[in-house]
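# Analysis of the macromolecular model
So the chains spell out like this:
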Amino acid sequence: MGYVAVSGGQEAIEASIRLLDHCRAGGGQELELSAVQQKLGLLIDRVMGEAGLYAPDYAALVLKQCEGCVEEAVFLLRAYRSTLPRNYYTQTADTDDMRIIRRISAAFKDIQGGQILGATYDYTHRLIHFDLKNEDPMELLRRVREELECQEPQPPKACPRVSDTLKKEGLIDTYEPDDSEPFDVTEQMLEFPAPRSARLQTLARADTGFLGGLAYSVLRGFGAIHPTVGELRTGYVELLVDYPFGEGESIWIGEILITEVECFSEADGEKEMKLADGYGVVFGRNENKAIAMSVVDRELDLPGDFPARDEEFVLMHGDSLEMNGFISHLKLPHYVTFQSKLDAVRKTRKKPQASGEAEHGADEESQGGCNEE
Amino acid sequence: MNPITEQPVLKVSHLTVRYGSGCPCCGTSLEKNRCRKCGTVWAANDVSLEVYPGEILGIVGESGSGKSTLMKSLYFDLEPTEGTAYLRDYQDGAKDIWQASAAEKRRIRNCLMGMVYQNPLLGLRMEYSAAANIAEKIIAAGSRDAGAMTERAQDLLSAVEILTSRMAEAPKNFSGGMQQRVQISKALANNPSLLLLDEVTTGLDISVQAKVLDLIRKIKARYGISILLVSHDLAVIRMLADRTVVMLDGKIVESGLTDQVLEDPQHAYTQQLVHSML
Amino acid sequence: MKSEYNYGFLDEGSKREIRRSVLKAVAIPGYQVPFGSRELPIGRGWGTGGIQLTLSLIGPEDVLKVIDQGSDESVNAVNIKKFVALCTDVPTTIHTAEATIVQTRHRVPEVPMKNNQILVLQVPTPEPLRVIEPKEEVTKKMHAEKDYAGIWLQLYECLIRYGKVTIGAEYPCMVEGRYVMNPSPIPKFDNPKLNDAECLYLFGAGREKKIYAIPPHTQVIPLAFEDVPFEREDFSGRKCRLCGSEDTYLDEIFDAETGERYYQCSDTAYCKEVRARHESNH
């Protein structure tokens, strides 16, 4: 019987799953979860962001489980998240109070609180460091700690938002402050036009590559703007929940690392020009995604036919889980539908004179074809 | 036959399309169609006209004169600020079509009026066959008889002098003149009593223009349909229109029998138009 | 059953929410009810809509059958069965008549289902108008205004070009004269089974976050012109080489060695039952 994909499926599936362990086994090396979590931090950030679940240890675990495949890892985390009951909602986290580890502005040389370059690959030469092949990890740790200990501690300076000054000046009024209950994209189906809260949530969870490509299209000309990064800040924000037994009291539940971007572009005002700001925020240090998000956020407010301005197009096609699920489903058997298509194609070939030209009476003939059945 | 005693196919009264809130000075301080004081634009300003059975009413004017605004309002492509329009075939001319429900408006567009745009992309589905373009209208009118649709498509395509052997082809493969002819046949699909033609020959070669104009005359004779014909080209108007309305800055400045308007223009603008044609 | 997870994987609140959407869908046959589709450990596009329906409805009294392409042993069917077994304790069967819930992809079983059974269909693209209009915002309005001219135009275009309606599976149907519905990618052969049926049909689209339903004895008519009757896939003159059935949907199969073409029932459980009957008769 030449029908392998259907009969005996169960055995084949189980064998296939066992085979994955062979892939994972490698040469027997150790893959410590703490090492994945601490040494592949940007990968962890990306997975947590696209999954919409801030859980560095689980992210490390799922990356180990799926050979480091980003979309598999996102999938695992997201599926796990949907089994968790939602017990509390945090209070709105104010990123003004962020404990900043990096902060730059491409709009102004001097900003209040100062530019803080922090850790960035931006200015590295992308040369492979072959000496890392034989690096002594403990020596590396000792060296970076030593460097840290030599530093003079400085009190943190206040870092007001760059956009605040421009807002006070009346140059930016893109959005009214909005304290209404946000739309929850994890519990409701998106409807269009989508409220901005839904838009921002969807973009924040979107696939990094998808968002990057869209933003790039805007910059290249499929969009109006070459925005300026008004401010990019990375740091820790504290999360608080309401204390259930005390009015006005809060409980500190931890802190998360996020990157937040505001990008400025010109906008039409009533009589004079203004500035508009697009907003992006992501888990961890995924900077390019945060910038891309802010570009797309702004672009979605503009009218026109560019792909990045089409709300439904942008918001419906960027979810890692959805896109990869549907693409991979193409590998499932389609015997029945293909048979049906084949039948339709063959039927059109039985009637040579009906194709292309439909002279008077062609329809009557095709009805004759139906009646034969 | 005295047209005045007959019920008009279309009667438009006091159509006004305004962009802006208007102000008390709008009546006196208009520069072209824009108020100097408040900046309000009067795209159509108190336009009234009637189209009688079997006649071609020409509307002539430069761009910005309001003729396209009138056409778009009639075909529900934009919403008028004020005014009424009655179609003889809609509720016996007793109900303003601009007050119709969305579904009724769709029916009016599909069955009671036909529209031919200057740009065939607006009127045709370029990827679908010529026959399907005609069938689209018939389907929208509620028919579910494919054979009858094909017969009707054959009749109409012959009427616009397109070979029925090409009815399965998509208009994207047709020449500009042919596309306009397919648009005309599509507009006629449900036997409307009124045809709206918006600059249908603009942009076509002179020889092709003549053919399309000739066709419009034949269509009128064959189907007895009333036509509202918009053009910036006085030659087109002279060739086809029984009566003519001259528009300028959103207003009607002159109207009458075409010969009369052309031979004895009263308004300075019309005089200028007629002179420039000679 | 793995106890780290709730019965039926989803938490009770989610299951209740899905059942409410089901009730609404039953109340408005053919109308697509949006719902807060949950992520599952199975891929979006792999039947997560159907699985969420099954999980929200299933209880200890139920008997489950899962098929894909008509087969109980297809990779996807096996995978789904395994998952449901992991988080519930219901017995499974291959016999349509024994099951209380049948979950399926691309087929309706050959054995007519009864009024105590539910058929759950997995749907990739719930929107029948999607082929003519990509935007949800627009298709929603088209349904509200019952504006289905675009689909009829497509059918007509097929006739003009090919003299035949060339839509294969996912053939659009009119439900109770109101909503045009995508019956999921079942072949045209199965469409008549939806009309005036005894059982409840539920359709779930996980990725697109929609649920819709055909309650028992609902009128479901494939769209067809008055003068061009609806036509199913044609298997005349062919029969299943295993059970000899001439009235079932057949898979076309090529012998790996000889290259010879032959036919076999797509509904493998039905095929087995027919063969068993033949044997007991002899």
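Because the structure is predicted, anything quoted here is derived from the model rather than measured.

What counts as what
Residues numbered from 1 in each chain as written. Chains lettered and ligands numbered in written order. Predicted model: local features only at pLDDT ≥ 70, side-chain atom pairs only at ≥ 80, totals over all residues. Helix = DSSP H or I, 4+ residues; strand = E, 2+ residues; numbered from the N terminus. Contact = placed C-beta atoms within 7 Å. Rg over C-alpha atoms; globule rule 2.2 N^0.38 Å. Buried ≥ 20, exposed ≤ 12 C-beta atoms within 10 Å, placed from the backbone. Nonpolar A, V, L, I, M, F, W, Y, C, P; charged D, E, K, R; others polar. Axes fitted to C-alpha atoms, helices over the stretch in contact; angles between N-to-C directions. Parallel < 35°, antiparallel > 145°, perpendicular 65-115°, else oblique. Left-handed = near helix turned anticlockwise from the far one by under 90°. Domains from an automatic or database assignment. Pairing = 2+ DSSP bridges. Core = buried A, V, L, I, M, F, W, Y, C linked by C-beta atoms within 7 Å.

What follows is about the overall build of chain B. Along its length, chain B carries 10 helices and 11 strands. If one aligns the C-alpha atoms of chain B with their principal axes, the spans along those axes are about 60 × 45 × 40 Å. Across chain B, every contact between residues at least 6 apart in sequence was considered, and the portion connecting residues at least 24 apart equals 66%.

Counting secondary structure elements, chain C contains six helices and 11 strands. By the compact-globule yardstick of 19 Å for 282 residues, chain C fits well, its C-alpha radius of gyration being 19 Å. Along the first, second and third principal axes, the C-alpha atoms of chain C reach 60 × 55 × 35 Å. Among the 282 residues that make up chain C, the fraction classed as buried is 54%. Taking the intrachain contacts of chain C between residues at least 6 apart in sequence as the baseline, contacts between residues at least 24 apart amount to 63%.

Let us look at the interface of chain A and chain C. Taken residue by residue, the interface counts 49 residues in chain A and 56 residues in chain C. Sorting the residues of the side of chain A that touches chain C by element identifies α1 (9-25), α5 (70-81), α12 (320-328), α13 (335-350) and α14 (362-371) of chain A as the ones contributing at least two each. With 10 residues, the top contributor of residues to the side of chain A that touches chain C is α13 of chain A. Considering only residue class, the side of chain A that touches chain C consists of 19 nonpolar, 18 polar and 12 charged.

This part covers the interface of chain B and chain C. Interface size is commonly expressed as the accessible surface area that is lost when the partners come together. Chain B puts 16 residues into the contact, and the matching count from chain C is 13 residues. Taken together, the elements giving at least two residues each to the side of chain B that touches chain C come down to α2 (102-112), α4 (130-140) and α5 (146-159) of chain B. With six residues, α4 of chain B is the largest single contributor of residues to the side of chain B that touches chain C. When grouped by side-chain class, the residues that make up the side of chain B that touches chain C number 11 nonpolar, two polar and three charged.

When two helices pack together, you describe them by how their axes are tilted relative to each other and by the distance separating the axes. Residues and elements named next belong to chain A. α5 packs onto helix α4 (residues 56-65) with a crossing angle of 130 degrees between their chain directions and a minimal axis gap of 8 Å. By the angle class used here, α4 and α5 are oblique. Of the two elements, α4 crosses α5, and the hand of that crossing is right-handed. The segment α4 lies against α5, with Tyr58, Ala59, Val62, Leu63 and Gln65 engaging Ala73, Leu76, Leu77 and Tyr80.

Further remarks concern the domain arrangement of chain C. All names here are of chain C. The assigned domain composition of chain C is domain 1 (12-222) and domain 2 (234-282). Between domain 1 and domain 2, the residue contacts involve 14 residues of the former and seven residues of the latter. For the side of domain 1 that touches domain 2, a count of residues per class yields five nonpolar, five polar and four charged.

All names here are of chain B. The six strands are arranged β7-β8-β9-β5-β10-β11 in an open sheet whose pairing can be described as mixed. The strands lining the two open edges of the sheet, one partner per strand, are β7 (113-116) and β11 (251-257). Ignoring which end each strand starts from, the neighbouring axes of this sheet average 15 degrees apart. Strand direction decides the pairing type here: strand β10 (residues 243-248) and β11, joined by six bridges, are antiparallel. Across the sheet, the residue bridging to Leu248 is Lys251, located in β11.

Attention now goes to the environment of Leu87 of chain B. All names here are of chain B. Secondary-structure assignment places Leu87 in strand β6 (residues 82-87). Note on Leu87: 24 C-beta atoms within 10 Å, which makes it buried. With sequence-adjacent residues up to four places away left out, Leu87 is seen in contact with Val9, Leu10, Gly93, Ile97, Ile108, Leu112 and Leu194.

This part takes up the nonpolar core. Ala59 and Val296 of chain A, Ala135, Leu196 and Leu229 of chain B together with Tyr156 and Tyr201 of chain C are the most contacted members of the largest nonpolar core, which totals 203 residues. Here the element with the most residues in this core is helix α5 (residues 149-162) of chain C; it accounts for 10 residues. Among residues more than four places away in sequence, those in contact with Tyr156 of chain C are Ala132, Ala135, Ile139, Ala146 and Met149 of chain B. Cys240, Tyr249, Leu250 and Tyr270 of chain C belong to the second-largest nonpolar core, a separate cluster that totals nine residues.

Within the span of helix α8 (residues 196-205) of chain A, buried status applies to Arg199, Gln201, Thr202, Leu203, Ala204 and Arg205 of chain A. Tucked into the core, α8 of chain A has its buried residues touching α3 (41-51), α9 (208-220), β4 (273-283), α10 (287-299) and α11 (311-316) of chain A.

We now examine the sheet that holds strand β9 (residues 220-222) of chain C. Residue and element names in this part refer to chain C. In spatial order, the strands read β6-β5-β9; together these three strands make up an open sheet with antiparallel pairing. Of all the strands in the sheet, just β6 (179-181) and β9 have a single pairing partner and so form its edges. On average, each strand axis in the sheet is inclined to that of its neighbour by 35 degrees, with strand direction left out of account. Note: strand β5 (residues 173-175) against β9, three bridges, orientation antiparallel.

Right, let's talk about the environment of Arg38 of chain C for a bit. Its place among the elements puts Arg38 of chain C in the loop between β1 (33-34) and α2 (48-57). Its 26 C-beta neighbours within 10 Å are what place Arg38 of chain C among the buried residues. Residues Arg38 of chain C and Gln52 of chain C, spaced 14 residues apart in sequence, show a C-alpha to C-alpha distance of 7.7 Å. When sequence neighbours within four positions are dropped, the list of residues in contact with Arg38 of chain C reads Ser82 of chain A together with Leu10, Ser14 and Gln52 of chain C.

This brings us to the packing of α9 of chain A against α10 of chain A. Residue and element names in this part refer to chain A. One way to put it is that α9 packs onto α10 with a least axis distance of 8 Å and a crossing angle of 55 degrees. Judged by the inter-axis angle, α9 sits oblique to α10. In terms of crossing hand, the pair formed by α9 and α10 is left-handed. In this structure, α9 uses Thr208, Leu211, Gly212, Leu214, Ala215 and Val218 to contact α10, whose residues at the interface are Asn288, Lys289, Ala292, Met293, Val295, Val296 and Glu299. Looking at the contact of α9 with α10 residue by residue, the class counts come to eight nonpolar, three polar and two charged.

Let us look at the pairing of strand β3 (residues 250-268) of chain A. Residues and elements named next belong to chain A. Both strand β2 (residues 228-242) and β3 contribute to a ladder of 14 bridges, which runs antiparallel. Looking at the pairing, Tyr236 lines up with Leu257 of β3. Inspection of the sheet shows β3 paired to β4 by 11 bridges, in the antiparallel sense. Looking at the pairing, Glu260 lines up with Val281 of β4.

Here we come to unusual backbone geometry. Cis geometry is adopted by the peptide bond preceding Pro193 of chain A, which originates at Phe192 of chain A and carries an omega value of -5 degrees. Summarising the element assignment, Pro193 of chain A is placed in the loop between α7 (162-168) and α8. In this model, Ser184 of chain C sits at a positive phi of 75 degrees, which is unusual for a non-glycine residue. Its location among the elements puts Ser184 of chain C in the loop between β6 and β7 (200-205). Residue class for Ser184 of chain C comes out buried when judged on the 27 C-beta atoms lying within 10 Å of it. The residue Lys209 of chain C is not glycine, and still its phi comes out positive at about 60 degrees. Residue placement: Lys209 of chain C occurs in the loop between β7 and β8 (210-214). By the C-beta count within 10 Å, which is 23 here, Lys209 of chain C ends up buried.

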